[in-house]
Amino acid sequence: MSLKNAYLCKVYEGLAQRNAHEPEFLQAVREVFESLEPVVEARPEIEKNGIMERIAEPERIVNFRVSWVDDNGKVQVNRGWRVQFNSAIGPYKGGLRLHPSVNQSIIKFLGFEQIFKNSLTGLPMGGGKGGSDFDPKGKSDNEIMKFCQSFMTELSKHIGADTDVPAGDIGTGAREIGYMFGQYKRLRNEFTGVLTGKGLSYGGSLARTEATGYGVCYYMNEMLKDKGTSFAGKTVVISGSGNVAIYANQKATQLGGKVIAMSDSNGYIVDENGIDYKVMQEIKEVKRDRIKTYVNYVPTAKYVEGCRGIWGVKCDIALPCATQNELNGEEAKQLVANGCIAVAEGANMPCTPEAVEAFQSAGIAFGPAKAANAGGVATSGLEMSQNSQRLSWTFEEVDAKLHQIMVNIYAACKDASERYGMSGNLVAGANIAGFEKVCDAMIWQGVAY
Ligand code: NDP
């Protein structure tokens, strides 16, 4: 698909020139702009108010040095970022990614996507994202703590419970959030809901750990219902074996599916009897080990070196839950040829534009990340509500709210795609439904943010 609207072309060209070294960011913006063409044409006030120029430019980017001392007494230096992208509908909200691949382009793409995702949840949250090129792999607990404390020493100047509320993402789980929260409290002498994904003993929400993975399956369930089917008896392939993937496995299994393959960045395992999420939890969350060790626990499983081969495993449902651009056009065609009927993105932008095109042109139900994986941030929003009220809801209460939010998100995406004559195109539906609320708020609030 190419951009045709003159206003959108002009804004995109300017962005492409100014951000030529940020391919992931441009990829994310282009996809949204393409979907919004009919909206921009139907609503001249969007151009009049310069909405597209403003929405694609972060309100603020903070880029900082993170220095810390390793176990050998050597000084290490990493780069940290927080991108505060858009606060039109609420305080900035979005995770912190710790991974050596992190750079400004990746944080900006994630922050941009977050604006629309957060809007889709129906909760009052703006878009933001942050992280560092720090690699948590192979670091001792002490080194992780030192890094997190140093990172928060700078970050604490820019965030707050009513300003910007970061959460976890790749490489940032309950342990890292704990160290960061401790440092924030130490520095500011205040106990507030400044981070989400906290431990249960100090303000965390039940079901937050499970939320993104469960949410992907709730969204997929709605997609399947519309096709007159369900998870029951379906084979499921899930890439990754981190937070999102593990709980997607649990929920897909509970809904009657059979998860037959999962991966990490080294390789994948296949077990036609179904992969046990509890064993995966033990390996990844407790032992922090590699996926290949799964075969030591479950001898019927087979390990294959190289993570990308997972898309060659024949399945009914595919849930890419690892990382961006992990599934390309050729792999998508292979899934289609093998009879896959539905795909939902658990990770952020895991499918390349060619892959999305391959799924859509084959008529396969395709659920985009900003809708399908919004359950995580939605439950973070519920954690913020509980913190403000000084209350803790039960697992069942949070899960029921999460379920309803995912059902509503699916309905909003479907409705928006139908209103603009693109029935069945959930990518366009998600972009439009997420955009409309933010756009209206920006117009109401005037030009300066
Ligand atoms: P984790 O760090 O918990 O897990 C990431 C997993 O993906 C690990 O198993 C990692 O393996 C694996 N992985 C990384 N690269 C590849 C690859 N190329 N092929 C196969 N596996 C790979 O992260 P999360 O589960 O939290 O996040 C996963 C994705 O979901 C990210 O895109 C994130 O932005 C998105 N997301 C997460 C949310 C959350 O609540 N956690 C909310 C919304 C989106 P290894 O150990 O080898 O690195």
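The coordinates are above.
Structural notes, computed from the coordinates. Bear in mind that the values here come from a model prediction, so they are computed numbers and not experimental data.

## Observations concerning the overall build of the chain
When its secondary structure is counted, the chain shows 17 helices and twelve strands. The globule rule puts the C-alpha radius of gyration for 449 residues at 22 Å, and the 21 Å found for the chain is close to it. For the chain, buried positions account for 58% of its 449 residues. Within the chain, contacts between residues separated by at least 24 positions form 71% of all contacts whose residues are at least 6 apart in sequence. Carbon and sulfur atoms make up 51% of the accessible area of the chain, which totals about 17500 Å². Of note, the chain has its 48 positive side-chain charges centred 3 Å away from the centre of its 51 negative side-chain charges.

## Some details on the pattern of salt bridges
Applying the stated criterion to the full structure yields 23 salt bridges. Where Glu-34 meets Arg-30, a salt bridge forms, and the shortest distance between an N and an O atom there is 3.2 Å. Pair noted here: Glu-34 and Arg-30 are both in helix α2 (residues 23–42), with a separation of four residues, about one helical turn. Given a relative accessible area of 27%, Arg-30 falls into the partly exposed group.

## Regarding the site of the ligand
In the neighbourhood of the ligand, 25 residues make up the surrounding shell, with Asp-169, Thr-212, Ser-265, Arg-290 and Asn-348 lying closest. In this structure, an oxygen atom belonging to the ligand sits 2.8 Å away from a side-chain N or O atom of Arg-97. At a separation of 2.5 Å, an oxygen atom of the ligand approaches a polar side-chain atom of Ser-265. In isolation the ligand has 900 Å² of accessible area, and contact with the protein removes 85% of it. Elements that contribute at least two residues to the shell around the ligand include exactly α8 (208–226) and α9 (243–254). Each residue belonging to the shell around the ligand can be placed in one class, and the counts come to six nonpolar, twelve polar and seven charged.

## A closer look at the pairing of strand β1 (residues 60–69)
The pairing of β1 with strand β2 (residues 75–86) spans ten bridges and is classified as antiparallel. Its bridge partner lying in β2, Val-62 is registered against Arg-82. Taking the residues that link successive antiparallel strands as the turn, the β1-β2 hairpin has five residues, and the phi of Gly-73 there is positive, at about 80°.

## A word on the side chain of Thr-196
Along the chain, Thr-196 turns up in the loop between α7 (174–188) and α8. At 2.8 Å, the side chain of Thr-196 and the side chain of Lys-93 are in polar contact. A distance of 2.9 Å separates the side chain of Thr-196 from the side chain of Ser-380, its partner in a polar contact. The contacts of Thr-196, once residues within four sequence positions are left out, are Lys-93, Val-165, Pro-166, Ala-167, Gly-168, Ile-177, Ser-380, Glu-383 and Met-384.

## Some remarks on the nonpolar core
Formed by 95 residues in total, the largest nonpolar core has its most connected members in Phe-33, Met-52, Phe-112, Tyr-219, Leu-319 and Phe-435. Setting aside chain neighbours within four positions, we find Phe-33 in contact with Leu-3, Leu-8, Val-11, Tyr-12, Leu-15, Met-52 and Ala-56. Counting residues in each nonpolar core, the second largest holds 23 residues, with Ala-318, Ala-332, Leu-335 and Val-427 among its members.

## Quick look at the environment of Ala-332
By the element assignment, Ala-332 lies in helix α12 (residues 329–337). With 96 residues separating them in the primary sequence, Ala-332 and Ala-428 have C-alpha atoms 19 Å apart. Residues within four places of Ala-332 in sequence aside, it is in contact with Leu-327, Ala-355, Ala-358 and Phe-359.

## Quick notes on the packing of aromatic side chains
Counting across every chain of the model gives 16 aromatic pairs. Arranged with centres 6.5 Å apart and planes meeting at 70°, the rings of Tyr-12 and Phe-33 form a pair that is edge-to-face. Note that Tyr-12 is positioned in helix α1 (residues 6–18) and Phe-33 in helix α2, a separation of 21 residues in sequence. Of the two residues, Tyr-12 and Phe-33, neither departs from the other in class, the shared state being buried. For the ring pair Tyr-219 and Tyr-410, a centre distance of 5.4 Å and an interplane angle of 75° mean the geometry is edge-to-face. Remark: Tyr-410 occurs in helix α16 (residues 395–419) and Tyr-219 occurs in helix α8; sequence separation between them is 191 residues. Accessibility expressed as a relative area gives 0% for Tyr-219, which makes it buried. Aromatic ring contacts, followed pair by pair, group Phe-64, Trp-68, Phe-134, Phe-147 and Phe-151 into a single cluster. Here the guanidinium or amino end of Lys-108 rests over the ring plane of Phe-25, the centre of that ring lying 4.3 Å away.

## Considerations on the packing of α8 against helix α15 (residues 375–389)
It is at 7 Å that the axes of α8 and α15 come closest, and there the two elements cross at 145°. Crossing hand, α8 versus α15: right-handed. Mapping the contact onto sequence places Arg-208, Ala-211 and Thr-212 in α8 and Gly-375, Gly-376, Thr-379, Ser-380 and Glu-383 in α15. Residues belonging to the contact of α8 with α15 are distributed by class as follows: one nonpolar, five polar and two charged.

## A closer look at the sheet that holds strand β10 (residues 317–320)
What the seven strands build is an open sheet, ordered β9-β8-β7-β6-β10-β11-β12; its pairing is mixed. Each having just a single partner strand, β9 (302–305) and β12 (365–367) make up the two edges of the open sheet. Neighbour to neighbour, the strand axes of the sheet diverge by 15° on average, direction disregarded. In this structure, strand β6 (residues 235–239) lies alongside β10, joined through four bridges in parallel fashion. Among the inter-strand pairings, Ile-238 is bridged to a residue of β10, identified as Leu-319.

## Description of the pairing of strand β5 (residues 164–167)
Consecutive side chains of a regular strand alternate in pointing toward one face of the sheet and then the other. With burial as the criterion, each face of β5 is covered, one bearing Asp-164 and Pro-166 and the other bearing Val-165 and Ala-167. In this structure, strand β3 (residues 92–98) lies alongside β5, joined through four bridges in parallel fashion. Bridging across to β5, Gly-95 finds its partner in Ala-167.

Rules used throughout
- Think of each chain on its own: its residues are numbered from 1, step by step along the sequence as written.
- Only residues with pLDDT of at least 70 are given local features in this predicted model, and only at 80 or more are side-chain atom pairs given and counted; all residues enter the totals for whole chains, interfaces and linings.
- Only hydrogens and water are removed before side-chain values are computed, so all heavy atoms of the structure are retained for them.
- Put simply, DSSP H or I for four residues or longer makes a helix, DSSP E for two residues or longer makes a strand, and each gets a number counted from the N terminus.
- Radius of gyration means the value over C-alpha atoms here, while the globule rule gives 2.2 Å times the residue count to the 0.38 power.
- Exposed residues in this analysis have more than 50% of their type's maximum accessible area, buried residues have under 20%, and partly exposed residues fall in between, with area computed by a 1.4 Å probe over protein chains only.
- In what follows, a contact means two residues having at least one pair of non-hydrogen atoms within 4.5 Å.
- For every accessible area listed, the method is Shrake-Rupley and the probe measures 1.4 Å; residues are considered covered only by the protein chains on display.
- When charges are counted, neither His nor the chain ends are considered; positive counts come from Lys and Arg and negative counts from Asp and Glu.
- Where a charge lies is defined by one atom per residue type: Lys uses NZ, Arg uses CZ, Asp uses CG and Glu uses CD.
- Any Lys or Arg side-chain nitrogen found within 4 Å of a carboxyl oxygen on Asp or Glu counts as a salt bridge.
- Being near a molecule or strand, for a residue, means having at least one of its heavy atoms within 4 Å of it.
- In protein, a polar contact means a hydrogen-donor-capable atom and an acceptor-capable atom, both N or O and within 3.5 Å, with residues adjacent in sequence counting only if both atoms are side-chain atoms; elsewhere, any N or O pair within 3.5 Å suffices.
- In this count, Pro and Cys sit with the nonpolar residues alongside Ala, Val, Leu, Ile, Met, Phe, Trp and Tyr, while Asp, Glu, Lys and Arg are called charged and the others, Gly among them, polar.
- DSSP bridges decide pairing: two strands pair if at least two such bridges lie between them.
- Nonpolar core, defined: a set of buried Ala, Val, Leu, Ile, Met, Phe, Trp, Tyr and Cys residues in which side-chain atoms within 4.5 Å join the residues together.
- Stacked, tilted and edge-to-face are the three classes applied to pairs of Phe, Tyr and Trp rings, where Trp contributes its six-membered ring and a pair requires centres within 6.5 Å; stacked means planes under 30 degrees apart, edge-to-face means over 60, and tilted covers the rest.
- Our definition puts a charge over a ring when NZ of Lys or CZ of Arg is within 6 Å of the ring centre and also within 35 degrees of the ring normal.
- Lines fitted to the C-alpha atoms define the axes, with helices restricted to the stretch that makes contact. Angles between their N-to-C directions range from 0 to 180 degrees.
- Two helices that cross are described as forming a left-handed crossing if the nearer one is turned anticlockwise from the farther one by less than a right angle, and a right-handed crossing if clockwise.

It is worth stressing that arrangement in space is one thing and function is another; only the former is reported here.
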